[in-house]
Amino acid sequence: MKSVTVQELAQQFNLEVLVGEDKLHRRITKPRTHRPGLEFIGYFDFFPMEHVQVLGKKEITYLHQLSHEQRRLRIGNIVKYHPPCFIVTSDQGGLQYLTQFCKEEGIPLLRTKEPTSTFIEKYDAYMIKALAPETAIHAVCVNIFGLGVLLRGKSGIGKSEIAHTLIGRGHRLVADDIVVLKKLGPDTLLGTHNQTNKEFLALRSVGLLNVVRLYGRKAFQEETRIALDIHLTEWEKDALNNELELETQTCDYMGVTIPSIEIQLQPGRDVVGLIEAAANNWYLQQQGYSAAEEFIQRLESDMEKKEKGAP
């Protein structure tokens, strides 16, 4: 199971460690935070103990109003479940009692200057990506007109060369050769690099290129939401390549279904132009337009007119 340590979290968000510097190795396995509210009044039937517990102004103000005995009871009921850590937002002070209970139970207590809602939004976005199921595939990932596209095909088919031409036409490289796919939700697939191949593009006969050094920051993008899969194949003679496909072809990555098309390669064929056309056509389809459906409707309309005009 993927996890993030409390120490990694502290470094990512520049959190102040109030208690538990020797416990920062504790691991977080759940992506979202929890704000204990009902738990402070003793209701624990659905307490997500594996989540990071965030204490905003509402929670801290409530605790400040309690007597020493009440605080020990309310906080004690929560710390005994040993959540990964507590994070106090808005740089709130007066936490002597909280530091004492966390120290007794060996639970890290951290603090941020950011408001509660701002911190939770950033935390959830970061952790969803960090803990997302992922897989690596042999492909090239590019961003075309703001659209994440996977270019697949056997080794040597020309994926990297096509990506290089796309960069020259103003599009962006995300990853070459190895693409890391992260599942952020039932319908959301994120494509990124594996750090090692970040910004690099390998071209046969030329070698390894750093696209940022060569073409500037606009040539590279850290990650992109995958919306289209393009399978590059060798040209098949006498194959039917201009058929009307009303039913969209798809492929599946970790349970996420992505529209997929096949483009056959042949010397002199404007493959890059076809890929750009496929991306633009995808946008039109998202708006409810299908060129194939419109064409068939015109054919049917012509046939009806001929039938009505027949003797």
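That block above? That's the structure.
Residues numbered from 1 in each chain as written. Predicted model: local features only at pLDDT ≥ 70, side-chain atom pairs only at ≥ 80, totals over all residues. Heavy atoms only, no water.

S.K.: Is there a simple way to explain the side chain of Thr224 in this structure?
M.R.: Residue placement: Thr224 occurs in strand β15 (residues 223-234). Once you skip the residues sitting within four places of it in the chain, Thr224 turns out to touch Cys141, Val142, Asn143, Leu147, Gly148, Val174, Leu189, Leu190 and Gly191. (Helix = DSSP H or I, 4+ residues; strand = E, 2+ residues; numbered from the N terminus. Contact = heavy atoms within 4.5 Å.)

S.K.: Looking at this structure, how should I read the sheet that holds strand β5 (residues 86-88)?
M.R.: Think of a sheet as strands paired side by side through backbone hydrogen bonds, with each pair either parallel or antiparallel. Ordered in space as β2-β6-β5-β4, the four strands form an open sheet in which the pairing is mixed. On the outer flanks of this sheet lie β2 (16-19) and β4 (53-55), each paired with one strand and no other. Adjacent strand axes in the sheet meet at a mean angle of 30°, parallel and antiparallel pairs treated alike. (Pairing = 2+ DSSP bridges. Axes fitted to C-alpha atoms, helices over the stretch in contact; angles between N-to-C directions.)

S.K.: Would you mind showing me how to read the side chain of Lys159 here?
M.R.: For Lys159, the location among the structural elements is in helix α6 (residues 159-168). For the buried residue Lys159, which engages in no salt bridge, the nearest side chain bearing the opposite charge is Asp177, 6.3 Å off. With residues near it in sequence (within four places) discarded, Lys159 still touches His138, Ala139, Val140, Leu151, Arg152, Gly153, Lys154 and Leu232. (Buried < 20%, exposed > 50% of the residue type's maximum accessible area, 1.4 Å probe, protein only. Lys, Arg positive; Asp, Glu negative; His and termini not counted. Salt bridge = Lys/Arg side-chain N within 4 Å of Asp/Glu carboxyl O.)

S.K.: How should I be thinking about the packing of helix α3 (residues 68-79) against helix α4 (residues 96-105) in this particular structure?
M.R.: Any two packed helices are characterised by the angle at which their axes cross and by the distance between the axes. Between α3 and α4, whose axes approach to 10 Å, the crossing angle comes to 40°. Relative to α4, the element α3 lies oblique. Where α3 crosses over α4, the two elements pack in a sense that is right-handed. The segment α3 lies against α4, with Arg71, Arg72, Ile75 and Val79 engaging Tyr97, Leu98, Gln100, Phe101, Glu104 and Glu105. The class makeup of the residues in the contact of α3 with α4 is five nonpolar, one polar and four charged. (Parallel < 35°, antiparallel > 145°, perpendicular 65-115°, else oblique. Left-handed = near helix turned anticlockwise from the far one by under 90°. Nonpolar A, V, L, I, M, F, W, Y, C, P; charged D, E, K, R; others polar.)

S.K.: Honestly, the nonpolar core in this entry has me stumped. Any pointers?
M.R.: A general feature of soluble globular proteins is that nonpolar side chains tend to end up buried together. Ranked by internal contacts, the top residues of the largest apolar core, which has 31 residues, are Val142, Leu151, Ile230 and Leu232. If you list the elements that add at least two residues to this core, you get β8 (140-144), β9 (147-152), α6, β13 (200-203), α7 (211-215), β15, β17 (256-265) and α8 (271-286). Ranked by residue count, the leading element in this core is α8, at six residues. The contact partners of Leu151, leaving out residues within four places of it in the chain, are Ala139, Val140, Val142, Lys159, Ile162, Leu166, Ile230, Leu232 and Ile275. Membership of the second largest hydrophobic core comes to 20 residues, among which are Val19, Phe44, Leu63 and Tyr97. (Core = buried A, V, L, I, M, F, W, Y, C linked by side-chain atoms within 4.5 Å.)

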